[in-house]
Amino acid sequence: MLEIRLHGRGGQGAVTSAELLAVAAINEGNYGQAFPSFGPERRGAPVVAFCRIDDKPIKIRSNINEPDFVLVLDPSILRLVNVTEGLKENGILITNTKYSVSEIRDELGLKCGLAVVNASRIAMEELGVPVTNTTMLGALLKVKAIINPDSLAEPLRERFSRIAERNIKALKRAFEETVVDYHSSGV
Amino acid sequence: MGNRIGLEVSLSAAEAVKMANVDCIAAYPITPQTHIVEHLSELVNDGHLDAEFIPVESEHSAMSVCAGVSAAGARVFTCTSSQGLALMNEIVHIVASMRLPIVTILANRSLSGPLSIWNDHTDVMSIRDCGWIQVFANNGQEVFDHVLFGFKVAENENVMLPLMIHIDGFILTHVIEPVEFWEKDQVEKYLPVFKPVHSLHPDKPVTMGAFGMPFIFSEAKVAQDEPLIQSKSVITAAWKELGDITGRYYKPVETYRNDDAETLFITQGSYGDTVSLVVDELREEGKSVGLVMDRLWRPFPFNEFRDAVKNADNLIIIDRAISYGGQGGPLAIELRSVMYGEKNQPAITNFICGLAGRDMTIKDFKNIYQRAMEKVKGITLEEDYEYYGVRGK
């Protein structure tokens, strides 16, 4: 089972990202589970969403406290929230940032696997808004092919209809532009 | 079977209500039930479900509308949570006495105060004695299946009682997971058109919900309790038929690795799946542990429960509600009573946990197991119950 924790701000679509991943996995015939950090929705406040993917039924229903991957949608979260808390020893932090792997490593003192992409810029150029949830899915898939990228197309089209193609393009660009440093991770 | 799709449990619950082809929905939105009613109002508005959606001004009115609609012979659904249930409480008791087959989903949430929107079973236990058939669903698929099951059982002419499906708020209602839909013809075969035994009609006047003088009240109450007790045979038959269609066979008491287990966890609702993983881990550590999940809450399945625990030395009962000043959580109080007089009395420990959505992990349940073993070995003082993980105690 793979466990992914997503950090973003309320309104940025972290929950939607988790949902798209789970639905894509389910459409592939596997099992997916996505859920928000339960509570009142607060636009702009740091929020968390969770996603589990497995090839057998998922029974656990507690929060994800020891994720395999942490996906950070908003660069400002890195300095507010301890996003790598509980990250598995060979886990990978995947973040939206304009800085390089070594710059982020130095600033945050990170030893874990790290992937970076300037998702805000991609989202601005492709979507015209700094909403990075679909863009960051491209970064996640670059780090590990947890689902077939093509499986995301259908749930993306269902969800975004008119602007689906632009989201798919942003996702593909992130896939190309993400820089991954697996470091000590086992991936 | 129909399509297997990934969908939020609330939405698949609403889709099941649509497949049940209800005539009317009367509901008031309340967290965490909201997505169910929202989706139903969309389905009605968009013409996917030919039903009256009555957006009432309170939950008291919601259940009152359900009473009228059901008495007129129509199929009706509502759902609520916590404070909403508290507000509709008066009518919840009355519709049971009137033998009206209303189906309700209760998205389980703690009763205030302090004000909370999160999950526990304090709302469930507040209406334990309301005279409804009550079942717990442990995942999205079970929610979907039990909506159809609910109408089938409630409307059976030998039952004619309201039925409540308990689903954990947020832990289930807000989770996207796979659910297998039924085909339309499977639903039609399983759930025939509702044929009320009596219904309100101007051409054929009847009195429903009449005044009960002391000379008849007790008789009326026995006439209400007996069909509830007897509904168990209809319930098990409806589960059998559901299993023959879907391959999913449900039981009043579900068990997991219980046969040879010295110690059994006892759970209700969605904790069951998580605790089954705890059982697997403890077994790998050489511990003799199993799990018993109560699915049917009312009528309580006495024989099935006693049979499921008959080989166990210790029962660890997990409660998500409080009986203030009572002998533990409501489930533990009930089960101690169920086991009273049995030849082999297991040691019973009771833990109240997960109140207002406090996350319960595998590690937490393993801590509970550890603590329970200390208690039964007499390492610590025996207590009637213990709040798990509470600071300042």
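Residues numbered from 1 in each chain as written. Chains lettered and ligands numbered in written order. Predicted model: local features only at pLDDT ≥ 70, side-chain atom pairs only at ≥ 80, totals over all residues. Heavy atoms only, no water.

### Digging into the environment of E103(A)
Residues and elements named next belong to chain A. Looking at the secondary structure, you find E103 in helix α2 (residues 101-108). Judged by relative accessible area, which is 42%, E103 ranks as partly exposed. Only 2.8 Å separates the side chain of E103 from the backbone nitrogen of S100, close enough to count as a polar contact. (Helix = DSSP H or I, 4+ residues; strand = E, 2+ residues; numbered from the N terminus. Buried < 20%, exposed > 50% of the residue type's maximum accessible area, 1.4 Å probe, protein only. Polar contact = N/O pair within 3.5 Å; in protein donor to acceptor, adjacent residues only side chain to side chain.)

### A closer look at the domain arrangement of chain B
Residue and element names in this part refer to chain B. Here chain B is partitioned into domain 1 (4-246) and domain 2 (253-387). Each of domain 1 and domain 2 has a C-alpha centre, and these two points are 28 Å apart. Between domain 1 and domain 2, the residue contacts involve 30 residues of the former and 23 residues of the latter. Here domain 1 meets domain 2 over a buried area of about 2200 Å², counting both sides, of which 57% is carbon and sulfur. Between the two partners, domain 1 and domain 2, sit three salt bridges. Note that D168 and R320 form a salt bridge whose closest N and O atoms lie 3.2 Å from each other. On inspection of domain 1 and its partner domain 2, the count reaches twelve residue pairs in polar contact (both at pLDDT 80 or more). Elements that contribute at least two residues to the side of domain 1 that touches domain 2 include exactly α5 (122-126), β6 (133-136), α6 (140-154) and α8 (214-246). Counting residues per element, the side of domain 1 that touches domain 2 draws most heavily on α8, which supplies six residues. (Domains from an automatic or database assignment. Contact = heavy atoms within 4.5 Å. Buried area = accessible area lost by both parts, 1.4 Å probe. Salt bridge = Lys/Arg side-chain N within 4 Å of Asp/Glu carboxyl O.)

### Side note on the side chain of S12(B)
All names here are of chain B. Along the polypeptide, S12 turns up in helix α1 (residues 9-19). Here V9 takes part through its backbone oxygen, which lies 3.0 Å from a polar atom of the side chain of S12. Those residues in contact with S12, other than ones at most four positions away along the chain, are L7, F144, V179 and F181.

### Regarding the packing of aromatic side chains
For the structure shown, the criterion picks out ten aromatic pairs over all chains. Ring centres 5.3 Å apart and planes at 80 degrees place the aromatic pair Y271(B) and F365(B) in the edge-to-face group. Here the residue Y271(B) occupies a position in helix α9 (residues 271-284), and F365(B) occupies one in helix α12 (residues 362-376), the gap between them amounting to 94 residues. Residue Y271(B) is classed as buried on the basis of its relative accessible area of 6%. Plain terms: the ring middles of F300(B) and F302(B) are 5.3 Å apart, the flat faces sit at 70 degrees to each other, and that makes the pair edge-to-face. The ring of Y31(A) is capped by R4(B), whose NZ or CZ atom sits 4.8 Å from the centre of that ring. We note K375(B) situated over the ring of F351(B); from NZ or CZ to the ring centre the distance is 5.4 Å. (Phe/Tyr/Trp six-rings, centres within 6.5 Å; stacked < 30°, edge-to-face > 60°. Lys NZ or Arg CZ within 6 Å of the ring centre and 35° of its normal.)

### Things to note about the interface of chain B and chain A
Each partner contributes residues to the interface: chain B has 24 residues there, and chain A has 21 residues. Taken together, both faces of the contact between chain B and chain A bury some 1900 Å²; the carbon and sulfur share is 60%. Among the residues of chain B in contact with chain A, R4(B), I176(B) and D359(B) are the three that bury the most area, contributing 30% of the side total. Note that E177(B) and R61(A) form a salt bridge whose closest N and O atoms lie 2.9 Å from each other. Summed over the shared surface of chain B and chain A, the number is six residue pairs in polar contact (both at pLDDT 80 or more).

### Examining the pairing of strand β2 (residues 31-36) of chain A
All names here are of chain A. For β2, the tally of buried residues reaches five of six residues, placing the bulk of the element in the interior. Bridge count between β2 and strand β3 (residues 46-54): six bridges; the pairing is antiparallel. Each residue of the ladder has a partner; that of F35, found in β3, is F50. (Pairing = 2+ DSSP bridges.)

### Section: the sheet that holds strand β13 (residues 314-319) of chain B
Residues and elements named next belong to chain B. Here we have six strands laid out as an open sheet, ordered β9-β11-β10-β13-β14-β15, and mixed in their pairing. For this open sheet the edge positions go to β9 (253-256) and β15 (386-387), each flanked by a neighbour on one side alone. By the bridge criterion, six bridges tie β13 to strand β14 (residues 347-352) in an arrangement that is parallel. Counted as the bridge partner of I316 is T349 from β14. Contacting β9, β10 (263-268), β11 (289-294) and β13, α9 runs over the sheet at an angle of about 170 degrees to β11. Together, β10, β11, β13, β14 and β15 form the strand contacts of α12, whose direction differs from that of β14 by roughly 140 degrees. (Axes fitted to C-alpha atoms, helices over the stretch in contact; angles between N-to-C directions.)

### Some remarks on the pairing of strand β4 (residues 76-80) of chain B
Residue and element names in this part refer to chain B. With five of five residues buried, β4 lies mostly within the body of the structure. Every second residue of β4 is oriented toward a common face, with V76, T78 and T80 on one face and F77 and C79 on the other, all of them buried. As defined by bridge partners, strand β2 (residues 24-27) adjoins β4 across two bridges and the pair is classed as parallel. Directly across from C24, in β4, lies its bridge partner V76.

### Quick look at helix α3 (residues 119-126) of chain A
Working note: α-helix, 3.6 residues per turn, so residues spaced by three or four point in the same direction. Residues and elements named next belong to chain A. Those residues of α3 that fall on the buried side of the exposure criterion are A119, I122, A123 and E126. Buried residues of α3 fall within an arc of 95 degrees about the axis and therefore sit on the same side. Looking at the buried positions of α3, the neighbouring elements they touch are β5 (92-96), β6 (113-117), α4 (133-143) and α6 (164-177). Residue G128 follows α3 closely and has a positive phi angle near 80 degrees. (Arc of directions from axis to C-beta.)

### What about the nonpolar core?
Residue and element names in this part refer to chain B. Within the largest apolar cluster, 52 residues are counted, with the highest numbers of intra-cluster contacts made by F77, I105 and F149. Take this core: its biggest share by element is eight residues, from α6. Sequence-distant contacts of I105, defined by excluding residues within four places in its chain, comprise A13, I36, F77, T78, C79, T80, V143, V147, I165 and I167. If you look at the next biggest cluster of nonpolar residues, it comprises 47 residues, including C24, I266, A312 and A332. (Core = buried A, V, L, I, M, F, W, Y, C linked by side-chain atoms within 4.5 Å.)

### Focus on the sheet that holds strand β3 (residues 52-55) of chain B
Residue and element names in this part refer to chain B. Judged by pairing direction, the sheet is mixed, and its seven strands sit side by side in the order β3-β2-β4-β5-β7-β6-β12 without closing on themselves. A single partner strand is all that each edge strand has here, and the edge strands are β3 and β12 (296-298). Shown here is a sheet whose adjacent strand axes are inclined to one another by a mean of 20 degrees, direction ignored. Sitting on the sheet, helix α4 (residues 82-97) touches β4, β5 (103-108) and β7 (163-168), and the angle it makes with β4 is about 125 degrees. The strands that α8 touches are β6 and β12; relative to β6, the one it contacts most, it runs at about 40 degrees.

### Comments concerning the packing of helix α10 (residues 302-309) of chain B against helix α11 (residues 330-339) of chain B
Residues and elements named next belong to chain B. Packing of α10 against α11 brings their axes to within 10 Å, and their N-to-C directions diverge by 85 degrees. One finds that α10 runs roughly perpendicular with respect to α11. Here F302, F305, R306 and V309 of α10 lie close against α11, whose contacting residues are L335, V338 and M339. Residues belonging to the contact of α10 with α11 are distributed by class as follows: six nonpolar, no polar and one charged. (Parallel < 35°, antiparallel > 145°, perpendicular 65-115°, else oblique. Nonpolar A, V, L, I, M, F, W, Y, C, P; charged D, E, K, R; others polar.)

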